[in-house]
Amino acid sequence: MRRFFLHLAYNGRSFCGWQVQPNAPSVQGVLEQALAVLFKTSVRLTGAGRTDTGVHAVSYYAHFDMDEPFWTAAVARSAKAAGTVLEDVYAHWVYQLNALSGPDIAVYRLFETPLDCHARFSAVERTYHYYFHVVKNPFIAESSYFVRQRLDMEAMRSAAALLVGRKDFSAFEKLHGAENSHICDLRRAEMRDLGNGRYCFVFSADRFLRNMVRAMVGTLLAVGQGRFAVSDVPVLLARRDRGKAGESVPGHALFLREVRYPDW
């Protein structure tokens, strides 16, 4: 058995998210179909984590396993076009996967890892960016959330800082989520001014609950609009009640920016 990682990116506009869903296109589904064509056998991908409908990934990882006979046969087939050097064969596979996976997915690299390397459970940190703008701009509307109300930016920065730490984030998890633990170590929560009325929230943590980033952003925007006070944030966390926090913001402005792994 051999284990391979894919490093990729995707535009989430056409997908129901990473994970395969009944009767809806997913990034995982498209890539598994492409891998099946390439290797002439069914391949099951395990991703670094699920993303919601419309959410993008700038840097994402997934792994799959291949039995030795199928790997040997695939290398032999590709050697005719790529040569016998394994790095060239893997580069050829990346080329073919990009041809098979459509315009909204880009595969950057395919590489072999030890069998105990896991795309989800071996990750040590994930970083998300959420973009929003307060000046109407038709050129960024597909990748940034337009907020029409006036915002208290300093209040939002102060509220974001109160989220940092190892805490129970049940208040920001999608109702009826399947997570066994609601504890996350949120290491960074900050807001960046990108200029020209554009802003970006940056969150880094060891793990995120389902819908957590979008719910945190919705709550911080509610602070900026005066619907919550900065001092309400610790109270919301302590209540652990999703219904008390702010509404989730749309997914089209959310980007999984980085997934970090140990040095293998």
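Preceding this paragraph is the structure being described.
Residues numbered from 1 in each chain as written. Predicted model: local features only at pLDDT ≥ 70, side-chain atom pairs only at ≥ 80, totals over all residues. Heavy atoms only, no water.

Draft legend 1. Seen up close, the overall build of the chain. The helix and strand inventory of the chain stands at six helices and 10 strands. A globule of 264 residues ought to have a C-alpha radius of gyration of about 18 Å, and the chain, at 20 Å, matches this closely. By its C-alpha atoms, the chain is 65 × 40 × 35 Å across when sized along the principal axes. Residue burial in the chain is summarised as follows: out of 264 residues, 51% are buried. Partitioning the intrachain contacts of the chain with sequence separation of at least 6 by distance along the chain shows that 69% fall at a separation of at least 24. When the accessible area of the chain is evaluated, it comes to approximately 13000 Å², of which 50% is carbon and sulfur surface. Computed over 32 positive and 26 negative side-chain charges, the inter-centroid distance for the chain is 5 Å. (Helix = DSSP H or I, 4+ residues; strand = E, 2+ residues; numbered from the N terminus. Rg over C-alpha atoms; globule rule 2.2 N^0.38 Å. Buried < 20%, exposed > 50% of the residue type's maximum accessible area, 1.4 Å probe, protein only. Contact = heavy atoms within 4.5 Å. Areas by Shrake-Rupley, 256 points an atom, 1.4 Å probe, with all protein chains shown as cover. Lys, Arg positive; Asp, Glu negative; His and termini not counted. Charge placed at Lys NZ, Arg CZ, Asp CG, Glu CD.)

Draft legend 2. Layout of the side chain of Ser101. Within the secondary structure, Ser101 sits in the loop between α3 (86-100) and β4 (105-113). Polar contacts involving the side chain of Ser101 include one to the main-chain carbonyl oxygen of Leu97, which spans 2.8 Å. Other than its neighbours up to four places away in sequence, Ser101 contacts Val30 and Leu31. (Polar contact = N/O pair within 3.5 Å; in protein donor to acceptor, adjacent residues only side chain to side chain.)

Draft legend 3. Geometry of helix α5 (residues 212-224). Taking 1.5 Å per residue as the helical rise, α5 with its 13 residues ought to reach 18 Å, and the 18 Å between its terminal C-alpha atoms agrees with that figure. Counting buried residues along α5, 13 of its 13 residues qualify, which places the element largely inside the surrounding structure. Taken from the residues just after α5, Gly226 is the one with a positive phi, measuring 85°. (Expected span 1.5 Å × (residues − 1).)

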